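Chains, contacts and geometry: an overview
The chain contents come next:
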Amino acid sequence: MAGQFFTHKGVMFSTLDYLPDTLSYVENEFQVRDDDVFNITYPKSGSTWMLEILSLIRCEGDPGWVRSVLNWDRAPWVEYHLETALKYPPPRLLSSHLPIQLFPKSFQHSKAKVRIIYTLRCLKDVLVSLYHFSQILHFFKTPESLDSFIEDFLSGNVVYGSWFNHVTGWLGLKDNENFFCISYEELQQDPHGSVRRICHFLGKELSEKQVDAVVENASFQSMKGNKMSNFSQMSDKYMDHEKGELLRKGTCGDWRNNLSEVQSQRFDTVYREWMQGLGMTFPWD
Ligand code: A3P
């Protein structure tokens, strides 16, 4: 089913289950709580993986919860699972792909201790992952060609808007105590160390055995085989399961198999322009 789209405050959303009123409610009325933990990402940056890690940390590595409850019920996306988020008993684990300017104002205007975990991923791998997933998930616009998709992506003419705006907006909080930033690449390179750092940020002490259990149960293979985590339970209304899966490759650098030299250089030029003022370097730089 081809999707329909609308623009809310300059950011594109699908008409499938997204409503301008809900987005306004989330921005203006939704009350964050001190004990909330938010899993925030630009789409295709490792949201589902981080959701699994956070779920498992909450259960000290025990896979019972991740094997029995759908991930979008364990950490609902506030912008389209609002009712689940509102009914969630504290302490809440919540997800969002919203750019910071559409995130609940109660976060910015309060002294909330709410903790934000922001996962980001190499821009070119996000593009490739999104290109493939856009042919499967109806929330995203089906690309006409890779070249036209690259231009749409680089200019922010995609669902959830510009990667650059998202990343630079959220990373403006990088010096805040309640903000923790990690990359998909770090999760890949050092999963145990990454889980320990996340635990430290959350003030949650896990034994080495429990950290091992988190890493093992959140591995690509474990998640691929877990129907509560692999999106196989998503309705056909939203996802064409014949065309592919969310857990597609799960690697770093797949862009090399998909982008030409010219396409890659196009990214590098735009990337340098946007990121030079940020004063941060990333594993893919
Ligand atoms: P690929 O399409 O490159 O395979 P999101 O959850 O933000 O939509 O991101 C999806 C991407 O994360 C997909 O990337 C998916 O394979 C990858 N992913 C999901 N779980 C993973 C895991 N446990 N380990 C590594 N990659 C994972």
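Residues numbered from 1 in each chain as written. Predicted model: local features only at pLDDT ≥ 70, side-chain atom pairs only at ≥ 80, totals over all residues. Heavy atoms only, no water.

1. Considerations on the pairing of strand β4 (residues 93–96)
- Covered by surrounding structure in β4 are L93 and S95 together with L94 and S96, the residues of both alternating faces.
- One ladder, built from four bridges, connects strand β3 (residues 37–41) with β4; its direction is parallel. The residue of β4 that forms the bridge with F38 is L94. (Buried < 20%, exposed > 50% of the residue type's maximum accessible area, 1.4 Å probe, protein only. Helix = DSSP H or I, 4+ residues; strand = E, 2+ residues; numbered from the N terminus. Pairing = 2+ DSSP bridges.)

2. Topic: the packing of helix α9 (residues 163–171) against helix α14 (residues 261–275)
- Direction vectors running N to C along α9 and α14 enclose 30°, while the axes themselves pass 11 Å from each other. The orientation of α9 with respect to α14, classified from their angle, is roughly parallel. Here α9 runs over α14; the crossing is right-handed. Of the residues in α14, those in contact with W163, F164, N165, V167 and T168 of α9 are V270, Y271, W274 and M275.
- Of the residues in the contact of α9 with α14, the class split is seven nonpolar, two polar and no charged. (Axes fitted to C-alpha atoms, helices over the stretch in contact; angles between N-to-C directions. Parallel < 35°, antiparallel > 145°, perpendicular 65-115°, else oblique. Left-handed = near helix turned anticlockwise from the far one by under 90°. Contact = heavy atoms within 4.5 Å. Nonpolar A, V, L, I, M, F, W, Y, C, P; charged D, E, K, R; others polar.)

3. Some words on the confidence of the model for the chain
- Averaged over every residue, the pLDDT of the chain is 95; residues scoring 70 or more account for 98%.
- In the predicted assembly, ipTM is 0.99 and pTM is 0.97. (pLDDT = per-residue confidence, 0-100.)

4. With respect to the site of the ligand
- As a structural note, the neighbourhood of the ligand is formed by 19 residues, with S47, T48, S129, Y184 and K249 the closest of them.
- Residue S47 places a side-chain N or O atom 2.4 Å away from an oxygen atom belonging to the ligand.
- Between the ligand and the protein, one listed contact pairs an oxygen atom with a backbone N or O atom of K249 at 2.7 Å.
- When isolated, the ligand has an accessible area of 570 Å², and the protein chains bury 97% of it.
- Elements represented by at least two residues in the shell around the ligand include exactly α2 (47–58), α10 (184–189) and α13 (220–224).
- It is α2 that provides the largest number of residues to the shell around the ligand, a total of three residues.
- Partitioning the shell around the ligand into residue classes produces seven nonpolar, eight polar and four charged. (Near = heavy atom within 4 Å. Polar contact = N/O pair within 3.5 Å; in protein donor to acceptor, adjacent residues only side chain to side chain. Areas by Shrake-Rupley, 256 points an atom, 1.4 Å probe, with all protein chains shown as cover.)

5. As for the environment of L246
- Assignment of secondary structure puts L246 in the loop between α13 and α14.
- According to the relative accessible area criterion, L246 is buried, its value standing at 15%.
- Taking the C-alpha atoms as reference, L246 lies 6.5 Å from N230; in sequence the two are 16 residues apart.

6. A few points about the sheet that holds strand β6 (residues 179–183)
- On the basis of which strands lie adjacent, the open sheet formed by four strands has the order β4-β3-β5-β6 and parallel pairing. Only two strands of the sheet have a single partner each, and these edge strands are β4 and β6. Going across the sheet, the axis of each strand differs from the next one's by a mean of 20°, ignoring polarity.
- The pairing of β3 with strand β5 (residues 115–120) spans five bridges and is parallel. Among the inter-strand pairings, N39 is bridged to a residue of β5, identified as I117.
- Sitting on the sheet, α2 is in contact with β3, β4, β5 and β6, with an inclination near 160° to β3.
- In the packing of α9 onto the sheet, contacts are made with β3, β5 and β6, and the angle to β5 comes to roughly 140°.

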